[in-house]
Amino acid sequence: MYVGSDLASAPLHTSLTLVHAPESCRKRLSCLGLRIGARFSLLSRTAGGGRVALVAGSRIALGSTLLSQLRVEVR
Amino acid sequence: MAVTEQPDRALKLPLLVGTPSVKACCHTGGGIGACPEAPVVALVGAPNTGKSTLFNALTGARVTMGNWPGTTVEVSHGIWKTTRDAASCTCEECTCDPNEQRRDITLIDLPGAYSIDPHSPDEALTRELLVGVPEDERPDLCVVACDASRLANSLYLVAQLRELGLPMMVALTMLDVAAKSGITVDLDALSEALGCPVVGIDPRRRTGLEALAAGVREHTGIATAPRPVLETTDALELDDDRFAWISDAVRAGASAPAEQPRTFSDKVDRWVTAPVLGPVIFLAVMWLVFQITTAVASPLQGFLDGLFSGPVTNGATWLLGQLGLGGTWVEGLVVSGLIAGVGMLLTFVPLMTLMFILLAVLEDSGYLARAAVVTDRLMRSIGLPGRAFLPLIVGFGCNVPAISATRILPSSRQRILTALLVPFTSCTARLTVFVMLGSVFFGPYAGTAVFAMYVISIYLVVLAGFVLRRTLWRTMGAEPLIIDLPAYQVPTLRLTASVTWVRLQGFLRTAAGIIVATVCAVWLLQSIPTTPGHAFGDVPVAESAYGAAAQAITPVFAPAGFAKWETTSALVVGFVAKEAVISSWAQTYAVDQPADGTPGTLGERVRTDFENSSGGHPIPAALAFMVFLLAYTPCVATLAAQWREIGAKWTLFGVGMQLVTAWVLAVAVFQIGRLFL
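So, a few notes on the structure that sits alongside this text. (Residues numbered from 1 in each chain as written. Chains lettered and ligands numbered in written order. Predicted model: local features only at pLDDT ≥ 70, side-chain atom pairs only at ≥ 80, totals over all residues. Heavy atoms only, no water.)

**So, the nonpolar core**
- With 106 residues, the main nonpolar core has B:Phe348, B:Val400, B:Leu437, B:Phe562, B:Trp585, B:Val606 and B:Phe610 as its most contacted residues.
- Per-element accounting of this core gives the leading share, twelve residues, to helix H11 (residues 329–365) of chain B.
- Taken together, domain 2 (277–473) and domain 3 (514–673) of chain B each give at least three residues to this core, which thus spans both.
- In this structure B:Leu437 touches B:Phe442, B:Trp585, B:Val606, B:Phe625 and B:Met626, once residues within four positions along its chain are discounted.
- Listed in part, the 59 residues of the second largest apolar core include A:Val55, B:Ala148, B:Leu161 and B:Ile482. (Core = buried A, V, L, I, M, F, W, Y, C linked by side-chain atoms within 4.5 Å. Buried < 20%, exposed > 50% of the residue type's maximum accessible area, 1.4 Å probe, protein only. Helix = DSSP H or I, 4+ residues; strand = E, 2+ residues; numbered from the N terminus. Domains from an automatic or database assignment. Contact = heavy atoms within 4.5 Å.)

Dropping the structure here:
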């Protein structure tokens with residue numbers, strides 16, 4: 001089953017859709033608007049290899065360890 | 001045993017408001033607790049929604065802050081003095097002016113929480129207070145602070161609370177930030193969609209607070225009909241239902257441009273969180289914090305120190321002499337106990353004030369969240385989040401404000417762990433002793449010896465963090481970094497001053513008793529003679545209870561090579577303040593304290609003692625002493641700060657851990673060193 005690419009390799013400033021998040025942090029991400037099916041984009045890379053995501057008007061910093069566990073589709 | 005700190009006990013709201021035994025009128029007394037009949041309003045909301053700013057704006061300085069009993073989750077509570085529509089005070093002995101239209105409300109600032117799912121101690125406490133306690137102990141109203149610029153993300157908590165049918169209303173903040181992003185909010189339409197009142201406020205500029213007060217008066221105690229929920233036990237389906245409801249509410253109450261414009265914060269973040277420049281900017285900010293907390297505060301500390309050891313002490317001595325108490329134990333108690341203790345406490349005021357101002361500015365501006373992002377990977381290597389970098393860096397200046405700085409950490413377990421590691425950072429007070437011993441024992445290599453202490457200090461922090469992380473803190477999961485970055489804001493003077501004042505009050509309240517009591521205890525021990533022929537308060541140190549105690553513990557340090565009572569008594573004084581180690585030696589050896597850091601006669605006496613106690617290996621013994629000085633309890637003021645931030649249990653645990661670590665390391669350094677030196 002195709003589950004998209006990981007967020008670490010996703011391009012910046014492109015509309016993305018979250019298709020998979022690890023169970024352990026799914027709830028926390030959901031509370032911040034980043035739930036399965038949500039559309040968002042990446043604004044910038046951060047020190048330490050993370051990204052800043054633009055989600056429904058919020059800027060969410062995501063650590064590098066999480067990026068490889070999040071699967072997205074480019075829309 | 002592992003540190004989990006899930007507040008699993010029944011938490012009673014009356015504990016918070018401090019119910020007095022006799023019912024007093026709402027309008028009398030200046031204490032923190034409002035009258036028993038005062039309604040209890042809980043302020044809840046996600047982090048960075050302006051909740052605490054709102055709390056400060058509503059309560060002013062009428063606030064107490066403290067950890068919730070049995071937990072280390074900090075909860076603030078205070079009185080919100082509002083006007084009321086009718087004089088309806090129900091106090092038994094009412095002294096209200098019937099024309100006065102006031103009503104006090106007990107306001108509780110609950111920890112920031114995105115939901116009431118108990119994923120963290122903060123969320124667990126919020127859940128317990130809102131839904132875990134019996135109905136008659138629940139708050140009379142929940143005010144949920146929501147960020148208008150990130151409306152959808154703020155409403156998850158509202159959705160959950162609406163399902164419970166609690167009396168609630170929404171305080172919408174950041175409307176100005178939302179407007180800059182092209183977002184407009186129709187408060188009436190949003191209120192209708194959410195099924196509860198919505199008021200727009202700006203707590204930073206204190207606008208909309210009257211409307212909020214009116215809404216609170218009107219809706220306190222009035223439950224809203226629970227929002228119907230999907231009949232399912234599937235958590236994902238429930239979440240989908242909530243997000244659909246949130247989506248409908250946002251669509252009905254707000255409109256936003258299809259394309260999100262780049263904001264000022266986005267532009268700044270391109271530099272501040274950038275891979276190379278971000279850490280450079282962070283280090284520059286830390287350098288500034290370090291400079292201000294040491295260089296700027298230092299002259300002020302020196303001034304206060306001089307004031308107490310000079311004019312205040314001289315004045316008190318003169319006054320007591322006029323009263324016929326000169327040279328008596330009363331003079332000793334007043335001058336060497338009370339005045340020295342209060343003086344020591346007050347010398348920390350400039351330092352703590354500056355630290356609290358800097359913390360407030362960093363928090364209020366929004367930079368602290370970025371600092372956490374930039375340092376996350378580095379700090380994660382010892383199991384701490386990026387924000388822990390700040391208190392650890394500040395610790396190299398002074399451990400006392402560094403302990404207070406641990407409150408920037410979002411999780412109570414992280415706060416405790418960091419507060420236990422801070423004392424291993426080598427503060428400037430220890431530096432003075434290192435420099436003196438370095439010049440006595442290491443001559444041209446003094447600088448290298450002092451530098452080695454800093455390297456050992458860093459290793460100690462890493463090692464202690466590593467060990468604690470894999471033992472007592474093994475259940476603390478390595479959660480990935482997920483931070484909601486707030487928009488940058490210009491810190492407001494009023495908010496900064498208010499937060500600083502509240503925190504400084506809290507520090508002084510806790511530290512005053514501990515510091516003054518400890519200094520008085522040291523004076524008392526030094527005043528009690530243990531040999532005949534001396535009066536109380538007029539006894540040489542060697543023949544006092546203090547000297548006897550130092551002699552009693554001296555054999556413990558034989559394996560470390562410095563088993564001389566003159567040396568161990570300096571360590572006992574160093575427990576009170578490291579600055580006092582050299583002056584203690586000067587007093588014990590009855591020689592002048594070196595004024596310029598050179599060893600002088602004092603250095604020769606110290607070296608002779610180390611040579612005698614180490615069996616001809618003074619250099620490893622001196623190194624062992626320096627390592628012990630580095631690793632054991634920094635000072636009583638640090639203990640007072642720890643007591644306030646992490647409670648008595650963990651403070652005492654820290655003292656034990658530091659003493660054991662210091663002794664083991666000192667013995668290891670001496671025993672290995674004597675083989676070579």
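**Concerning the interface of chain A and chain B**
- Listed per partner, the contact involves 31 residues of chain A and 32 residues of chain B.
- Between chain A and chain B, roughly 2800 Å² of surface is buried when both sides are summed, and carbon and sulfur atoms account for 56% of that area.
- Of all residues in chain A, A:Lys27, A:Cys31 and A:Arg59 give up the largest surface area on contact with chain B, accounting jointly for 24% of the area buried on that side.
- Where chain A touches chain B, the interface holds three salt bridges.
- As a salt-bridge pair, B:Asp240 and A:Arg35 come within 3.3 Å of each other at their nearest N and O atoms.
- Contributions of two or more residues to the side of chain A that touches chain B are made by helix H1 (23–31), strand E3 (39–45), strand E4 (51–55), strand E5 (58–62) and helix H2 (64–67) of chain A. (Buried area = accessible area lost by both parts, 1.4 Å probe. Salt bridge = Lys/Arg side-chain N within 4 Å of Asp/Glu carboxyl O.)

**Remarks on the pairing of E3(A)**
Residues and elements named next belong to chain A.
- Where burial is concerned, most of E3 is hidden: five out of the seven residues are buried.
- The pairing of strand E2 (residues 16–20) with E3 spans two bridges and is classified as antiparallel. Across the sheet, residue Leu16 finds its bridge partner in E3, namely Phe40.
- Where E3 meets E4, four bridges bridge the pair, whose relative direction is antiparallel. For Ser41, the partnering residue across the bridge sits in E4 and is Leu54.
- Here E3 folds back onto E4 in antiparallel fashion, the turn holding five residues, of which Gly48 has a positive phi close to 90 degrees. (Pairing = 2+ DSSP bridges.)

**A few points about the environment of B:Leu129**
Residues and elements named next belong to chain B.
- Mapped onto the elements of the fold, Leu129 is located in helix H3 (residues 121–132).
- Its relative accessible area of 1% is what places Leu129 among the buried residues.
- Counting along the chain gives ten residues from Leu129 to Pro139, while the straight-line C-alpha distance between them is 7.9 Å.

**Here we look at a nonpolar patch on the surface**
Residue and element names in this part refer to chain B.
- A cluster of nonpolar residues, Ile553, Val556, Val660, Trp663 and Val664, forms a patch on the protein surface that exposes about 410 Å² of accessible area.
- By residue number, the principal contributor to the nonpolar patch is helix H24 (residues 636–673), which donates three residues.
- Tracing the chain through its elements places Trp663 in helix H24. (Patch = residues over 30% accessible without salt bridge, like charges linked within 9 Å, V, L, I, M, F, W, Y side chains within 5 Å. Areas by Shrake-Rupley, 256 points an atom, 1.4 Å probe, with all protein chains shown as cover.)

**Concerning the state of the cysteines**
- A complete count under the given rule lists zero disulfides over all chains for this structure.
- Among the cysteines around B:Cys146, which has no disulfide bond, B:Cys196 carries the closest sulfur, lying 8.2 Å off. (Disulfide = S-S within 2.5 Å.)

**Examining the sheet that holds E4(A)**
- Across the sheet, seven strands lie side by side as E1(A)-E6(A)-E2(A)-E3(A)-E4(A)-E5(A)-E10(B); this open sheet has antiparallel pairing. This sheet does not close on itself; its edge strands, each paired only once, are strand E1 (5–6) of chain A together with strand E10 (482–485) of chain B.
- As defined by bridge partners, E5(A) adjoins E10(B) across four bridges and the pair is classed as antiparallel. Its bridge partner being in E10(B), A:Ala61 is matched across the sheet by B:Ile483.
- Lying over the sheet, helix H12 (residues 367–380) of chain B contacts E5 of chain A together with E10 of chain B, oriented at roughly 150 degrees with respect to E10(B). (Axes fitted to C-alpha atoms, helices over the stretch in contact; angles between N-to-C directions.)

**Quick word on helix H7 (residues 209–219) of chain B**
- Looking only at H7(B), the buried set comprises B:Leu209, B:Leu212, B:Ala213, B:Gly215, B:Val216 and B:Arg217.
- Of the residues flanking the end of H7(B), it is B:Gly221, one or two places downstream, whose phi is positive at about 80 degrees.

**Considering the packing of aromatic side chains**
All names here are of chain B.
- The tally for this structure, following the rule as stated, stands at eleven aromatic pairs over all chains.
- Relative to Phe628, the ring of Phe557 has its centre 5.1 Å away and its plane inclined at 90 degrees; by these criteria the two rings are edge-to-face. Linking Phe557 in the loop between helix H19 (545–553) and helix H20 (565–576) with Phe628 in helix H23 (residues 618–631), this pair joins segments that are 71 residues apart in sequence. Just as Phe557 is buried, Phe628 falls in that class too.
- Arranged with centres 5.2 Å apart and planes meeting at 90 degrees, the rings of Phe562 and Phe625 form a pair that is edge-to-face. Of this pair, Phe562 sits in the loop between H19 and H20 while Phe625 sits in helix H23, and the two are 63 residues apart along the sequence.
- Owing to a relative accessible area of 0%, Phe562 belongs among the buried residues under this scheme.
- By relative accessible area, Phe625 is classed as buried at 0%.
- Taken together, the ring pairs in this structure connect Phe441, Phe557, Phe562, Phe610, Phe625, Phe628 and Tyr632 into an aromatic cluster.
- Just above the ring of Tyr488 sits the side chain of Arg370; from NZ or CZ to the centre is 4.0 Å. (Phe/Tyr/Trp six-rings, centres within 6.5 Å; stacked < 30°, edge-to-face > 60°. Lys NZ or Arg CZ within 6 Å of the ring centre and 35° of its normal.)

**Focus on the side chain of B:Ser115**
- Looking at where B:Ser115 falls in the secondary structure, it is placed in the loop between strand E4 (102–109) and H3.
- Note on B:Ser115: relative accessible area 1%, which makes it buried.
- Aside from chain neighbours lying at most four places away, what touches B:Ser115 is A:Cys31, B:Glu123, B:Tyr156, B:Leu157 and B:Gln160.

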